[in-house]
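Letter by letter, the chains look like this.
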Amino acid sequence: MSDNPQDIAKLKEEIIEVIASEGMVDRTKVTPDATIESLDLKSVDIVMILTALEEKFNVYIPMDGSLQEAKTVESLIDAIADHIQKERETQ
């Protein structure tokens, strides 16, 4: 994967879709400034979302560091997107 802004935007959009479907959250509520708490996502929901993303992108996403610290949807998406990009570079 490249650092192409369009590629990154597409990746982030796909992550948002997974968050909405796996977290059973209204897609319109999954905005960058929304908090994980405001979407009422529990740790089990986050695990389901990460599992779905791992399957979709064929990568391993550890639940640590930047993911655990993420409080907003934007920081969660950024952490996941960064991780997916790093994994893709090593494949």
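Preceding block: the structure.
Read on for an overview of the structure. Please read these numbers as outputs of a predicted model, since none were measured by experiment. (Residues numbered from 1 in each chain as written. Predicted model: local features only at pLDDT ≥ 70, side-chain atom pairs only at ≥ 80, totals over all residues. Heavy atoms only, no water.)

## Considerations on the pattern of salt bridges
This structure, assessed with the given rule, holds six salt bridges. Across the pair Asp78 and Lys12 runs a salt bridge whose closest N-O atoms are separated by 2.7 Å. On the criterion of sequence distance, the pair formed by Asp78 in helix α4 (residues 73-90) and Lys12 in helix α1 (residues 5-22) is long-range, its members being 66 residues apart. A relative accessible area of 27% places Asp78 in the partly exposed class. Across the pair Arg27 and Glu17 runs a salt bridge, and its minimum N-O distance is 3.1 Å. Of the two residues, Arg27 is situated in the loop between α1 and α2 (43-57) and Glu17 in helix α1; the sequence distance between them amounts to 10 residues. (Salt bridge = Lys/Arg side-chain N within 4 Å of Asp/Glu carboxyl O. Helix = DSSP H or I, 4+ residues; strand = E, 2+ residues; numbered from the N terminus. Buried < 20%, exposed > 50% of the residue type's maximum accessible area, 1.4 Å probe, protein only.)

## Side note on the nonpolar core
By size, the foremost hydrophobic cluster in this structure holds 29 residues, and its most contacted members are Ile15 and Ile80. In terms of residues, this core owes the most to one element, α4, which gives seven residues. For Ile80, the residues in contact, after removing those within four places along its chain, are Ile15, Leu50, Leu53, Ile61 and Leu67. (Core = buried A, V, L, I, M, F, W, Y, C linked by side-chain atoms within 4.5 Å. Contact = heavy atoms within 4.5 Å.)

## Focus on α1
Residues spaced three or four apart along an α-helix point in a common direction, a consequence of the helix completing one turn every 3.6 residues. Compared with the 26 Å implied by 1.5 Å per residue over 18 residues, the 25 Å span of α1 between its first and last C-alpha is a close match. Buried within α1 are the following residues: Leu11, Ile15, Ile16, Val18, Ile19 and Ala20. Structurally, α1 contributes buried residues whose contacts are with α2 and α4. (Expected span 1.5 Å × (residues − 1).)

## Some remarks on the packing of α1 against α2
One way to put it is that α1 packs onto α2 with a least axis distance of 9 Å and a crossing angle of 135°. By the angle between their directions, the pair α1 and α2 is classed as oblique. Note that α1 runs across α2; the crossing there is right-handed. Facing α1, whose interface residues are Leu11, Glu14, Ile15, Val18, Ile19 and Glu22, α2 presents Met48, Ile49, Ala52, Leu53, Lys56 and Phe57. (Axes fitted to C-alpha atoms, helices over the stretch in contact; angles between N-to-C directions. Parallel < 35°, antiparallel > 145°, perpendicular 65-115°, else oblique. Left-handed = near helix turned anticlockwise from the far one by under 90°.)

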